[in-house]
Amino acid sequence: MDKDKALVVFSGGQDSTTCLFWAKRQFKEVYALSFVYGQKHVKEVELARNIAAKAEVHFDVMDVSFIGSLSSGCSLTDSSVTMDKVKPEGGVPNTFVPGRNLFFLSIAAVYAREHGINHIVTGVSQTDFSGYPDCRDAFIKSLNVTLNLAMEEQFVIHTPLMWIDKCETWALADELGVLELVRNETLTCYNGVQGDGCGHCPACKLRREGLEKYLQKKGLQSAEAKL
């Protein structure tokens with residue numbers, strides 16, 4: 001395994017794009033792997049392809065549409081389901097795709113093994129995880145051990161955003177010099193609207209609140225620097 005190579009699980013959204021450029025700073029050679037999993041807004045894959053080209057990283061797409069067909073009631077894969085605006089009491093929102101990160105990271109590990117890569121990067125966050133159980137640190141650590149045992153490898157799953165909120169994620173994108181790219185060319189919106197999104201879905205609200213907080217903080221720091 002080459003310690004100079006990393007694979008980013010890449011959706012073309014805010015978080016994974018920030019992680020892509022984080023990986024470029026950390027590793028000499030970066031690969032990006034996107035998935036078609038039955039999502040309603042497959043446009044994100046084309047945006048991911050475009051961003052990967054700008055970042056000058058290897059890009060690949062895998063069709064794993066079976067993931068979307070395994071369960072019912074997910075508003076991201078079933079157009080007949082009305083999206084949850086808030087997390088339901090005692091459960092997960094219906095924007096949760098059961099098994100998605102489990103499958104993505106497992107497939108990514110096989111792909112990484114075949115390409116001599118042992119560093120895998122994913123943009124999950126426990127701070128802003130929307131109630132998704134497969135974004136938690138305990139899950140990632142557990143899966144990391146399982147993948148190593150399953151393939152007799154020494155994979156390292158990196159989670160640069162695990163303990164930071166959306167404001168801090170915007171700050172990281174700015175530090176990496178890609179704030180405008182992330183803001184205008186990514187797709188985070190559950191309704192499939194590029195850039196700042198629809199403004200109404202949970203993903204857009206979280207993204208916008210973080211951006212406004214960061215820009216306000218940045219503005220205050222700039223004003224203080226001039227004093």
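Bear in mind the structure is a predicted one, so any value in this text is a computation, not a measurement.

Caption draft 1: Broad picture of the packing of helix H4 (residues 100-114) against helix H5 (residues 137-151). Contact geometry of H4 with H5 gives a least axis separation of 11 Å together with a crossing angle of 40°. The angle between H4 and H5 falls in the class oblique. As H4 packs across H5, the resulting crossing turns out to be right-handed. Residues Asn-101, Leu-102, Leu-105, Ser-106, Ala-109, Val-110 and Arg-113 of H4 form the contact with H5, whose own contacting residues are Phe-139, Ile-140, Leu-143, Leu-147 and Met-151. Tallied by class, the residues present in the contact of H4 with H5 amount to nine nonpolar, two polar and one charged.

Caption draft 2: Quick peek at helix H2 (residues 43-55). Spanning 13 residues, H2 covers 19 Å between terminal C-alpha atoms, matching the ideal 18 Å at 1.5 Å per step. All buried positions along H2 are accounted for by Glu-44, Val-45, Leu-47, Ala-48, Ile-51, Ala-52 and Ala-55. For H2, the arc enclosing every buried residue in end-on projection is 160°, short of the 170-degree limit, so these residues lie on one face. Seen from the buried face of H2, the exposed residues on the opposite side, beyond 90 degrees, are Ala-53 and Lys-54. On its buried face, H2 is in contact with helix H1 (14-26), strand E2 (29-36), strand E3 (58-63) and helix H7 (179-185).

Caption draft 3: Spotlight on unusual backbone geometry. Here the phi dihedral of Glu-56 falls at roughly 60°; this positive angle occurs in a residue that is not glycine. Tracing the backbone through its elements, the reader meets Glu-56 in the loop between H2 and E3. Its relative accessible area of 71% is what places Glu-56 among the exposed residues.

Caption draft 4: Examining the pairing of strand E4 (residues 117-121) more closely. Most of E4 is tucked away: five of the five residues are buried. By the bridge criterion, three bridges tie E4 to strand E5 (residues 156-158) in an arrangement that is parallel. Across the sheet, the residue bridging to Val-121 is His-158, located in E5.

Caption draft 5: View of the pattern of salt bridges. In total, this model carries twelve salt bridges according to the counting rule given. With a closest N to O distance of 3.9 Å, Asp-4 and Lys-28 form a salt bridge. Here Asp-4 is found in strand E1 (residues 2-9), whereas its partner Lys-28 is found in the loop between H1 and E2, with 24 residues between them in sequence. Among the salt bridges present, the one from Lys-54 reaches Glu-185, with a minimum N-O distance of 2.7 Å. With Lys-54 in helix H2 and Glu-185 in helix H7, the pair connects residues that are 131 residues apart, well separated along the chain. The class of Glu-185 is partly exposed, set by a relative accessible area of 23%. Taken together, the shared-partner salt bridges in this structure form one network comprising Arg-113, Glu-114 and Glu-153.

Cut-off values and rules
Think of each chain on its own: its residues are numbered from 1, step by step along the sequence as written. The predicted origin of the model limits local features to residues at a pLDDT of at least 70 and limits the giving and counting of side-chain atom pairs to 80 or more, whereas totals for whole chains, interfaces and linings rest on all residues. Remark: hydrogens and water are excluded; side-chain values derive from all non-hydrogen atoms of the structure. Axis lines are fitted through C-alpha atoms, for helices just across the contact stretch, and the angle between N-to-C directions can take any value from 0 to 180 degrees. Only DSSP runs of H or I with at least four residues qualify as helices, and only runs of E with at least two residues qualify as strands; both kinds are numbered from the N terminus onward. Angle categories are assigned with fixed cut-offs, so that under 35 degrees is roughly parallel, over 145 is roughly antiparallel, 65 to 115 is roughly perpendicular, and the rest are oblique. Crossings are sorted by hand: turned counterclockwise from the far helix by less than a right angle, the near helix makes the crossing left-handed, and turned clockwise it makes it right-handed. We call two residues in contact when some of their heavy atoms are within 4.5 Å. Polar here means any residue outside two lists: the nonpolar Ala, Val, Leu, Ile, Met, Phe, Trp, Tyr, Cys and Pro, and the charged Asp, Glu, Lys and Arg; Gly therefore counts as polar. The length a helix should cover is 1.5 Å for every residue beyond the first. Under the scheme applied here, a residue whose accessible area is under 20% of the maximum for its type counts as buried, over 50% as exposed, and between as partly exposed, the area being computed with a 1.4 Å probe on protein chains only. Along the arc lie the directions from the helix axis toward the C-beta atoms. Here, any two strands with at least 2 DSSP bridges between them count as paired. The term salt bridge refers to a side-chain nitrogen of Lys or Arg lying within 4 Å of a carboxyl oxygen of Asp or Glu.

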